[in-house]
Amino acid sequence: MDNLDLKKLTLRNFRSYKNLDLQFNSKFIYFSGPNGIGKTNILEAISLFSPGRGLRNANISDLNQVKNKNLWHLSAILNISNIFMEIEIGLDKTGKKHLRIDGKKKPLFCLAEIFKILWITPLMDRLWIGASNERRRFLDRLVMNFFPHHAKYCILYDQALTKRNLLFKDNEKDEAWFIAIEKQLAEIGYFIDKYRREVINLLSKMQLNMKNKGYFPILDIGLNTNPINNMDEFFENLKKNRKNDYKFKRTLIGPHKSDLIIHHIVKNMPAKNCSTGEQKSLLLSLFILSSLAISKKFQQPPIILLDEIVAHLDKENLKILLEQLISINAQIFASGTDKSNFDIFPPNFLSYNLNWDKEKMCMNLN
Ligand SMILES: Nc1ncnc2c1ncn2[C@@H]1O[C@H](COP(=O)(O)OP(=O)(O)OP(=O)(O)O)[C@@H](O)[C@H]1O
Ligand SMILES: [Mg+2]
């Protein structure tokens, strides 16, 4: 099993930080401080080292520090089994996110090949009762960890879908255009569906490896749509459905319509009908399973971000969650407004207390 640690992180012109330099000589790092001090901003910066838009799903231009003309830039030093690597990301002048590894420019999908990052944030509390696109995005982000090309496929699929829907809106009848776009949708859509199902399968099987389950329930995980068996079949179905899609001016079949469905097995209850606490426990079960599955498949633990986790779990269950994550040797970055759970944090944890220096009107780090 590889060891993987984030050793240093620097933030430049990023959200509330003009300059911030952090060092992490620990497997467990806890950021504490009052509301609005910048805890989530640091976790968000780490999350941006994975493909996509990070833990707030923010537009990359919103990450620039307001009233600061310089572009945001983040750098991380990683230690992967004693091999050190510098990874830099930032916004370039063309408005795109760029990546450099040890000073060399690389395509963004390389990020998912180097390391995996998983997070839980308070925004996810409504995942099971919110809109289906949120659950799809959640699943796709997970899938990208297992299949780095999934990120690119999702973008290409959305682009092709927009083109097909535009043909309906423009009352376009050109068969050749439809066929070209439908072929593309069928090819990419097949892989998107296949990768999602493979990951769901992996997570379901992983439940046998969960040691101390505590309050984290056993799940039935699935999609609400039939599998796409092959590209040709999906292509034919798109063609067949064209008449119907014309009526609604949009594409009504395909993986963009799939929803992630979770059942609480013991209660025999879909997640959306579970209590608030139960919904949180279902989410954390899925989170633990994902962490275990990544570490098993890649022989390397993911980096874990837990934003405000203390607010949602009692001490006993927080302890069980941490035990599961520590058992795979994952480096964990957590945040919270208080320090009341220090006694259950692992030994040698590192704590950063962020607070305002009222005299200098700037943030203190200690
Ligand atoms: N682009 C930006 N430029 C400057 N400041 C920003 C930018 N985006 C967000 N901020 C500010 O960063 C501050 C810290 O936000 P952050 O969400 O990290 O706080 P927090 O410590 O996690 O607070 P809470 O405990 O309430 O979750 C906020 O005051 C926010 O307004
Ligand atoms: Mg926060």
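Chains are numbered independently. Their residues run from 1 in the order of the written sequence. Chain A is the first chain written and ligand 1 is the first ligand written, with later ones labelled in order. Restriction of local features to residues with pLDDT of at least 70 applies here, the model being predicted, together with a cutoff of 80 or more for giving and counting side-chain atom pairs; totals for whole chains, interfaces and linings are based on all residues.

Peer 1: Any details on the sheet that holds strand S11 (residues 269-270)? Residues and values, ideally.
Peer 2: What makes two strands pair is DSSP finding at least two bridges between them. Working definition: helices are DSSP H or I runs of at least four residues, strands are E runs of at least two. Numbering for both runs from the N terminus. On the basis of which strands lie adjacent, the open sheet formed by three strands has the order S9-S10-S11 and antiparallel pairing. The sheet is open, and its two borders are formed by strand S9 (219-223) and S11, each paired with just one other strand. In the sheet, strand S10 (residues 260-264) pairs with S11 via two bridges, with the strands oriented antiparallel. The partner of His264 across the bridge, within S11, is Met269.

Peer 1: A description of the sheet that holds strand S7 (residues 104-106) should follow, citing residues and the corresponding values.
Peer 2: If you walk across this open sheet you meet the six strands as S2-S1-S4-S5-S6-S7, and the pairing is antiparallel. Taken across any chain shown, the strands that pair with only one partner, and hence form the sheet edges, are strand S2 (17-23) and S7. On average, each strand axis in the sheet is inclined to that of its neighbour by 20°, with strand direction left out of account. Pairing of strand S6 (residues 97-101) with S7, which is carried by three bridges, proceeds in the antiparallel orientation. Each residue of the ladder has a partner; that of Leu99, found in S7, is Lys106. Contacts are defined on C-beta atoms placed from the backbone: any two residues whose C-beta positions lie within 7 Å are in contact. Where helices are involved, their axes are fitted lines through C-alpha atoms of the stretch in contact, as for all axes, and angles between N-to-C directions lie from 0 to 180°. Running over the sheet, helix H1 (residues 39-47) touches strand S1 (4-14), S2 and strand S4 (73-80) and is turned about 115° from S1.

Peer 1: Explain the environment of Ile265 to me, using residue names and the numbers behind them.
Peer 2: Here Ile265 shows up in the loop between S10 and S11. Measuring from C-alpha to C-alpha, the distance between Ile265 and Cys154 comes to 30 Å, with 111 residues separating the pair along the chain. Every residue in contact with Ile265, bar those within four places of it in the chain, is listed here: Pro217, Ile218, Leu219 and Asp220.

Peer 1: So what about the pairing of strand S13 (residues 332-336)? Which residues, and what values?
Peer 2: Every C-beta atom is placed from the backbone, and the number of other C-beta atoms within 10 Å of a residue's own sets its class: buried at 20 or more, exposed at 12 or fewer, partly exposed in between. Burial analysis of S13 places four of its five residues in the buried class, the great majority of the element. Relative to S13, strand S3 (residues 28-32) is paired through five bridges, and the arrangement is parallel. What sits directly across from Phe28, in S13, is Ile332. As judged from the four bridges shared by strand S12 (residues 303-307) and S13, these two strands associate in the parallel manner. Within the sheet, the bridge partner assigned to Asp307 lies in S13 and is Ser335.

Peer 1: I'd love a proper account of the site of ligand 1, names of residues and values included.
Peer 2: Taken together, 15 residues are adjacent to ligand 1, and Ser16, Asn35, Lys39, Thr40 and Asn41 come closest. The class makeup of the residues in the shell around ligand 1 is two nonpolar, ten polar and three charged. We call a residue near a molecule or strand when its C-beta atom, built from the backbone, sits within 6 Å of it. Charged residues are taken to be Asp, Glu, Lys and Arg, nonpolar residues to be Ala, Val, Leu, Ile, Met, Phe, Trp, Tyr, Cys and Pro, and polar residues to be all remaining types, Gly included.

Peer 1: Just give me the short version of H1, but keep the residues and values in it.
Peer 2: Among the nine residues in H1, nine count as buried, and that is most of the element. Buried within H1 are the following residues: Lys39, Thr40, Asn41, Ile42, Leu43, Glu44, Ala45, Ile46 and Ser47.

Peer 1: An account of unusual backbone geometry is needed here, citing residue identities and associated values.
Peer 2: For Arg15, which is not glycine, the phi torsion reads 45° and is therefore positive. Positionally, Arg15 belongs in the loop between S1 and S2. Even without being a glycine, Asn268 presents a positive backbone phi close to 50°. Mapped onto the fold, Asn268 is located in the loop between S10 and S11. Under the C-beta neighbour-count criterion, Asn268 is labelled exposed, with 8 such atoms within 10 Å.

Peer 1: Can you explain the packing of helix H3 (residues 132-146) against helix H4 (residues 150-169)? Please cite residues and give values.
Peer 2: A packed helix pair is summarised by two numbers, namely the angle formed by the two axes and the spacing between the axes. Where H3 meets H4, the axes come as close as 8 Å, and the angle between the chain directions of the two elements is 135°. Comparing the axis directions of H3 and H4 gives the class oblique. Judged by residue contacts, Asp140, Val143 and Met144 of H3 engage His150, Ala151 and Cys154 from H4. Grouping the constituent residues of the contact of H3 with H4 by class yields four nonpolar, one polar and one charged. The cut-offs work like this: below 35 degrees is roughly parallel, past 145 is roughly antiparallel, 65 to 115 is roughly perpendicular, and the gaps in between are oblique.

Peer 1: Give me the lowdown on the domain arrangement of the protein, citing residues and values where you can.
Peer 2: Domains are outlined according to an automatic or database domain assignment. Parsing the protein into structural domains produces domain 1 (1-116 + 300-366) and domain 2 (127-298). For domain 1 versus domain 2, the separation of C-alpha centres amounts to 28 Å. Between domain 1 and domain 2, the contact holds 20 residues from the first and 19 residues from the second. Counting only elements with at least two residues in the side of domain 1 that touches domain 2, the list comes to helix H2 (110-114) and helix H8 (315-327). At seven residues, the largest contribution of residues to the side of domain 1 that touches domain 2 is made by H8.

Peer 1: Break down the nonpolar core for me, with residues and values.
Peer 2: In plain words, the nonpolar core is the set of buried Ala, Val, Leu, Ile, Met, Phe, Trp, Tyr and Cys residues that C-beta atoms within 7 Å link up. Residues Ile46, Ile304 and Leu305 are the most contacted members of the largest nonpolar core, which totals 93 residues. Two domains each put at least three residues into this core: domain 1 (1-116 + 300-366) and domain 2 (127-298). Sequence-distant contacts of Leu305, that is, excluding residues within four places in its chain, are made with Leu43, Ile46, Ser47, Leu55, Ile117, Trp119 and Phe333.

Peer 1: Describe the environment of Phe342, and please don't skip the residues or the numbers.
Peer 2: Tracing the backbone through its elements, the reader meets Phe342 in the loop between S13 and strand S14 (350-357). In this structure, the C-alpha to C-alpha distance between Phe342 and Ile253, residues 89 residues apart in sequence, is 50 Å.

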